[in-house]
Amino acid sequence: MTTVYIISAPSGSGKSTLVNEVRQIVPGLDFSVSYTTREHRGSEQNGREYYFVSRPEFEAMIAEDEFLEYASVFGNYYGTARRFLREAEQNGRDLLLDIDVQGAAQIKSKLPGAVSIFILPPDRKTLEKRLRGRSSDSDRVIETRLATATREIENYEKYDYILVNDRLEESVETLKAILLVERQQRTGSSEDAAMSARVESCRLRNVRQQLQPILASFQPATAPGGR
Ligand code: ADP
Ligand code: 5GP
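Reading guide: rules and limits
Residues numbered from 1 in each chain as written. Chains lettered and ligands numbered in written order. Predicted model: local features only at pLDDT ≥ 70, side-chain atom pairs only at ≥ 80, totals over all residues. Heavy atoms only, no water. Pairing = 2+ DSSP bridges. Helix = DSSP H or I, 4+ residues; strand = E, 2+ residues; numbered from the N terminus. Axes fitted to C-alpha atoms, helices over the stretch in contact; angles between N-to-C directions. Contact = heavy atoms within 4.5 Å. Near = heavy atom within 4 Å. Polar contact = N/O pair within 3.5 Å; in protein donor to acceptor, adjacent residues only side chain to side chain. Areas by Shrake-Rupley, 256 points an atom, 1.4 Å probe, with all protein chains shown as cover. Nonpolar A, V, L, I, M, F, W, Y, C, P; charged D, E, K, R; others polar.

Caption draft 1: Seen up close, the sheet that holds strand 8 (residues 115-120). Spatial ordering of the open sheet is given by 2-7-1-8-9, a layout of five strands whose pairing is parallel. Two strands in the sheet have a free side with no partner beyond their single neighbour: strand 2 (29-31) and strand 9 (161-164). Neighbour to neighbour, the strand axes of the sheet diverge by 25 degrees on average, direction disregarded. Relative to strand 7 (residues 94-98), strand 2 runs parallel, the two being bridged by three bridges. Bridge assignment links aspartate 30 to a residue of strand 7, and that residue is leucine 95. Along the sheet, helix 4 (residues 101-110) makes contact with strand 1 (4-8), strand 7 and strand 8, crossing strand 1 at roughly 160 degrees.

What follows is the structure, encoded as structure tokens:
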């Protein structure tokens, strides 16, 4: 049976970096390449990071009911084609979706067994630094992404796991562990105790305390002397 993993994160948290890493080390995992109407950036290639299509092309796909889910993000359409799930099921593989909060909610309602993972930056300052360091967006776009992040982060409670992407190598290990332990649980194969402990540590109910300072860093500072 195909397990669907959903990964969401505020833009700049390091989601693409993590996804690219785990795709190389977790066997039996397909990646759903989304369709989008946004411009391609940097070294992105059509068919690798995304299928870049025009708005009329995307709307024709909506009309043909070709999407498992789709949403408008930062003024552009993004969508997951149904065929990726069909193909993964036919080939006995698991499927990884890198989608936003709106898409994650649509998938969870259609596929309640999907495993959802929310990636967070260690704090707002780090997120801003990563967005600027990527140097692919203008200041205006970065401001929009930061403001959106503040709203998106509030959705963390809708996810099964929360992964704080601080040290990259640690985060890759944790993401890998979530994918493998969930797979072991579904196939009834024996679990690796060390990996299970790592996975438990980022289950929603176990991270609430740890998240408070991160969430607070996204709230506007109170003016000195203010109430
Ligand atoms: P997203 O896909 O979430 O928008 P990216 O994967 O493009 O984010 O990462 C944003 C930037 O942060 C990139 O320049 C990436 O190299 C860097 N980055 C990702 N994870 C880490 C990390 N753990 N530590 C430091 N830099 C990171
Ligand atoms: P970016 O433009 O930075 O690549 O992606 C912007 C946002 O769109 C990210 O939050 C990403 O997860 C989301 N996204 C990418 N593909 C899809 C998709 O197919 N569906 C939905 N709903 N969101 C997507």
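Still more ground to cover, so stick around.
Caption draft 2: Structural detail: the site of ligand 2. Close to ligand 2 lie 18 residues, the nearest being Lys15, Ser34, Arg38, Tyr50 and Tyr78. Within the contact set of ligand 2, an oxygen atom lies 3.2 Å away from a side-chain nitrogen or oxygen of arginine 41. When ligand 2 is considered free in solution it has 520 Å² of accessible area, and contact with the protein chains removes 96% of it. Among the elements of the structure, strand 5 (67-73) and strand 6 (76-81) are those that each provide at least two residues to the shell around ligand 2. Its residues assigned to classes, the shell around ligand 2 comprises six nonpolar, five polar and seven charged.

Caption draft 3: Quick look at the site of ligand 1. The local shell around ligand 1 holds 13 residues, among which Gly12, Lys15, Ser16, Thr17 and Arg134 are the closest. Here an oxygen atom of ligand 1 and a backbone polar atom of glycine 14 are 3.0 Å apart. Note that a nitrogen atom of ligand 1 is positioned 3.4 Å from one of the backbone N or O atoms of leucine 168. For the shell around ligand 1, the secondary structure elements donating two or more residues are helix 1 (15-25) and helix 5 (124-134). Across the shell around ligand 1, the residue classes tally to two nonpolar, seven polar and four charged.

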